[in-house]
Amino acid sequence: MNHRKTIRSLAAIAAVLSLSACLGSGGGGVAGGGGGGGGGGTASFAANLSEAQGKIPTSDMRTSGTASYTGQVQVDLRKSDGSMPGKMTGDLDLTVAFQPANSDPDTFGDNVTGTAGNFVLDKDGTDVAIPGTLTAGIGELSAVAASTEQTITGVPVVGSVTTRTGAISVYYGGELDMTEAGGHAASEALLSTGGSFTGPGGTGAHGPASLLTHAPGSAATPEMTSTEGYFYLDQK
């Protein structure tokens, strides 16, 4: 099967799911590193996501070098007939090559590589495997991390403050065996995640996620979408 051609079709269908405009979003809370990392299936996701959402947004985003991240993604599946198979959770493993602040992603191209895999579906409290691995930025999909620097003037005492926030938007494509969810053994899938970096220098990230699948060769007819989804990342 021609993955590149398939993913181009998926990208066209999923344009409304774009999560690339997430700069500046992020939750409040207490700064910190560490976190849950990847693994653990359905059971660990809620606690790990809550910890990730409790970290403050990054204000000193890195602008050079590389860093590796692990984390998880979870989406609530909805079939085309309206039924809800359950929550699907997977592991994320990414590497980011940081770019100078305020760089245009169109000029430096994709700077995020990695995969989403080890998917499981929560069926009545039991995790069952969803075989397959999705690749970040495959074909014409995008996988980008960027930062924005701005200076605020007129701040009492200090006069001015310069901050650099960061955002990440990654599309993953490939095949998943969705038979346990009532789909096909070689469903073609598009996973999208996008959000803000958190912690000193961008040690973590979190935000919304969405999934779209369709039967092989049926790009115009989705078999499954997601009603709600989230992801988090922690630097290794």
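Residues numbered from 1 in each chain as written. Predicted model: local features only at pLDDT ≥ 70, side-chain atom pairs only at ≥ 80, totals over all residues. Heavy atoms only, no water.

Turning our attention to the pattern of salt bridges. The tally for this structure, following the rule as stated, stands at 5 salt bridges. Where Asp234 meets Lys55, a salt bridge forms, and the shortest distance between an N and an O atom there is 2.8 Å. One end of the pair, Asp234, is in strand 10 (residues 222–235); the other, Lys55, is in the loop between helix 2 (41–53) and strand 1 (66–79), with 179 residues separating them in the sequence. Accessibility expressed as a relative area gives 3% for Asp234, which makes it buried. A salt bridge links Lys123 to Glu180; the shortest N-O distance between them is 3.1 Å. Taken together, the residues Lys123 in strand 3 (residues 112–123) and Glu180 in the loop between strand 7 (159–176) and strand 8 (187–198) connect sequence positions 57 residues apart. Exposure remark for Lys123: the relative accessible area of 32% places this residue in the partly exposed category. For Glu180, a relative accessible area of 35% translates into the label partly exposed. (Salt bridge = Lys/Arg side-chain N within 4 Å of Asp/Glu carboxyl O. Helix = DSSP H or I, 4+ residues; strand = E, 2+ residues; numbered from the N terminus. Buried < 20%, exposed > 50% of the residue type's maximum accessible area, 1.4 Å probe, protein only.)

Turning to the confidence of the model for the protein chain, a few remarks are in order. In this model, the protein chain carries an average pLDDT of 85, and 83% of its residues clear a pLDDT of 70 or more. Looking over the protein chain, one finds the lowest element-wise mean pLDDT in helix 1 (residues 3–13), namely 40, and the highest in strand 5 (residues 134–136), namely 98. Here residues 1–35 is a poorly scored stretch, pLDDT under 50, and it has 79 contacts once near neighbours within four places are set aside; other chains count. (pLDDT = per-residue confidence, 0-100. Contact = heavy atoms within 4.5 Å.)

As a further point, take the packing of aromatic side chains. Tallying each qualifying case throughout the model produces 3 aromatic pairs. Ring geometry for Phe45 against Tyr232: centres 5.8 Å apart, planes inclined by 45°, an arrangement best described as tilted. Taken together, the residues span a long stretch of sequence, with Phe45 in helix 2 and Tyr232 in strand 10 at a distance of 187 residues. Note on Phe45: relative accessible area 3%, which makes it buried. Through a chain of ring-to-ring contacts, the aromatic side chains of Tyr69, Phe98 and Phe197 assemble into a single cluster. (Phe/Tyr/Trp six-rings, centres within 6.5 Å; stacked < 30°, edge-to-face > 60°.)

Taken as a whole, this structure holds 1 cavity of 30 Å³ or more when the rule is applied. Its boundaries defined by the atoms lining it, the largest cavity holds a volume of some 40 Å³. Taken together, Met61, Arg62, Phe98, Gln99, Asn111, Ala145, Ala146 and Ser147 make up the full set of residues lining the largest cavity. (1 Å grid on protein atoms, 1.4 Å probe; cavity = no way out; pocket = protein on both sides within 12 Å on 5 of 7 lines; lining within 4 Å. Points joined across faces, edges and corners; volume = space filled by probe spheres on them.)

The next subject is the nonpolar core. Among the nonpolar cores identified, the biggest contains 36 residues, and Leu77, Met88, Phe119, Ile168 and Tyr172 are the most heavily contacted of them. Looking at this core, the element that brings in the most residues is strand 1, giving 5 residues. Excluding residues that lie within four positions of it along the chain, Phe119 makes contacts with Val73, Met88, Thr89, Gly90, Val128, Ala129, Ile130, Gly132, Leu134, Leu176 and Leu191. (Core = buried A, V, L, I, M, F, W, Y, C linked by side-chain atoms within 4.5 Å.)

This paragraph deals with the side chain of Thr198. For Thr198, the location among the structural elements is in strand 8. Among all residues touching Thr198, those that are not within four sequence positions of it are Lys55, Ile56, Pro57, Thr58, Thr203, Gly204, Ala205 and His206.

Right, let's get into unusual backbone geometry. We note that Asp124 has phi near 55°; this positive angle belongs to a residue other than glycine. On the secondary structure map, Asp124 appears in the loop between strand 3 and strand 4 (126–130). A positive phi angle, near 75°, is found at Val157, a position not held by glycine. Here Val157 shows up in the loop between strand 6 (143–155) and strand 7.

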